[in-house]
Amino acid sequence: MTEVLLTGLKIGESARWHDGRLWLSNWGAQEILAVDLDGNAEVMATVPTTMPFSIDWLPDGRLVVVAGPEGRLLRQEPDGSLVDHADLRGLDANLNEIVVDGRGRIYVNGGTDFHPGQGEAPGFIALITPDGVVRRVAEGIAFPNGMAVTPDNSTLIVSESFAGTLTAFDIGPDGSLSNRRVWAALPGGRQDGSRTARPACGSPRAERCWPRCRWTGPGSRARSAARMDERCSCSRRTGECRTASRTTSSA
């Protein structure tokens, strides 16, 4: 049995279960929402960037938000204001997903090129330590997407969308990643996340068009936007998809 919890989203992403509510990014509205099981939604943050790609929480409970196209990592203070958490300009790339481990170390990924060269995988994972040091800790990721850290803080798992796999790394004492391996091979080709599934775009060819549709909407840096609209029902003007699946998991 399924039921519609919330409608009117302008591309809902990065679903997380936190403090008894479902939290998500409402990309086209530049909002972070929290929704209870009765469908009551509350705007928890309005993010003054192109779109808030992904969210997680520091051990002290403060929200952190990836502002992807700008390559910024924002932190919400107790008064609700958003400030830059760390200087990520050295990564020199759009950012995508985030996960925070139990020690307060933050991992973000990026390099999400929809049209890489033959055999290329420009994706990466970067570490931001609690004292603000930023460094890349994994390379060669085939379109990095959703990430998760195991409860014992020993393993990071990342979805490689263009490889159709969940890839695991051992987490070292200093936060470095090693022992890369396939955690799970996923049937059906491209996958969107290790904690959330992709919305359907209402097209018979949604599996092919979804990675492109997700980039439509206000301020998007999408390529060939006119072609995207031909392939699915995501609106280039509003960023809305006609249908979306409600899929959640623990964060």
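Structure: see above.
Rules used in this analysis
Residues numbered from 1 in each chain as written. Predicted model: local features only at pLDDT ≥ 70, side-chain atom pairs only at ≥ 80, totals over all residues. Heavy atoms only, no water. Salt bridge = Lys/Arg side-chain N within 4 Å of Asp/Glu carboxyl O. Helix = DSSP H or I, 4+ residues; strand = E, 2+ residues; numbered from the N terminus. Buried < 20%, exposed > 50% of the residue type's maximum accessible area, 1.4 Å probe, protein only. Contact = heavy atoms within 4.5 Å. Pairing = 2+ DSSP bridges. Axes fitted to C-alpha atoms, helices over the stretch in contact; angles between N-to-C directions. Core = buried A, V, L, I, M, F, W, Y, C linked by side-chain atoms within 4.5 Å. Phe/Tyr/Trp six-rings, centres within 6.5 Å; stacked < 30°, edge-to-face > 60°. Lys NZ or Arg CZ within 6 Å of the ring centre and 35° of its normal.

## A word on the pattern of salt bridges
The full count for this structure, using the stated rule, is 11 salt bridges. In this structure, D84 and R72 form a salt bridge, with 3.0 Å as the shortest nitrogen-oxygen distance. Of this pair, D84 sits in strand 8 (residues 82-86) while R72 is found in strand 7 (residues 72-76), placing the two residues 12 residues apart along the sequence. R72 sits in the partly exposed class, given a relative accessible area of 32%. E77 serves as the salt-bridge partner of R75, at 2.7 Å between the closest nitrogen and oxygen. Salt bridges sharing partners connect three or more residues here, namely D60, R62, R75 and E77.

## Regarding the side chain of R75
Note on placement: R75 falls in strand 7. Among residues more than four places away in sequence, those in contact with R75 are L58, R62, L63, V64, S81, L82, V83, D84 and H85.

## Regarding the sheet that holds strand 11 (residues 123-128)
The strand order 9-10-11-12 describes an open sheet built from 4 strands, whose pairing is antiparallel. Two strands close off the open sheet at either side, each with one partner strand: strand 9 (95-100) and strand 12 (134-141). In this sheet, adjacent strand axes meet at a mean angle of 20° when their direction is disregarded. As paired elements, strand 10 (residues 106-110) and strand 11 share 5 bridges and run antiparallel to each other. Of the residues in strand 11, the one forming a bridge with I106 is I128.

## Observations concerning the environment of A29
Within the fold, A29 resides in the loop between strand 2 (21-26) and strand 3 (31-35). For the pair A29 and T50, spaced 21 residues apart in sequence, the C-alpha to C-alpha distance is 9.6 Å.

## Here's the deal with the nonpolar core
Ranked by size, the top nonpolar core spans 19 residues in total, and within it L73, I106 and V108 carry the most contacts. Setting aside residues up to four positions removed in sequence, V108 forms contacts with V66, L91, L95, E97, I98, F124, I125, A126, I128 and M147. Residues V99, Y107, A138 and V149 belong to the second largest nonpolar core, which totals 14 residues.

## Focus: the packing of aromatic side chains
Scanning the entire structure with this criterion turns up 3 aromatic pairs. With 5.0 Å between their ring centres and 90° between their planes, W23 and W57 make a pair best called edge-to-face. With a gap of 34 residues between them, W23 in strand 2 and W57 in strand 5 (residues 52-57) connect regions that are remote in the sequence. Pair check on accessibility: W23 and W57 agree, each one buried. Over the face of the ring belonging to F124 we find R136, whose NZ or CZ atom lies 3.8 Å from the ring centre.

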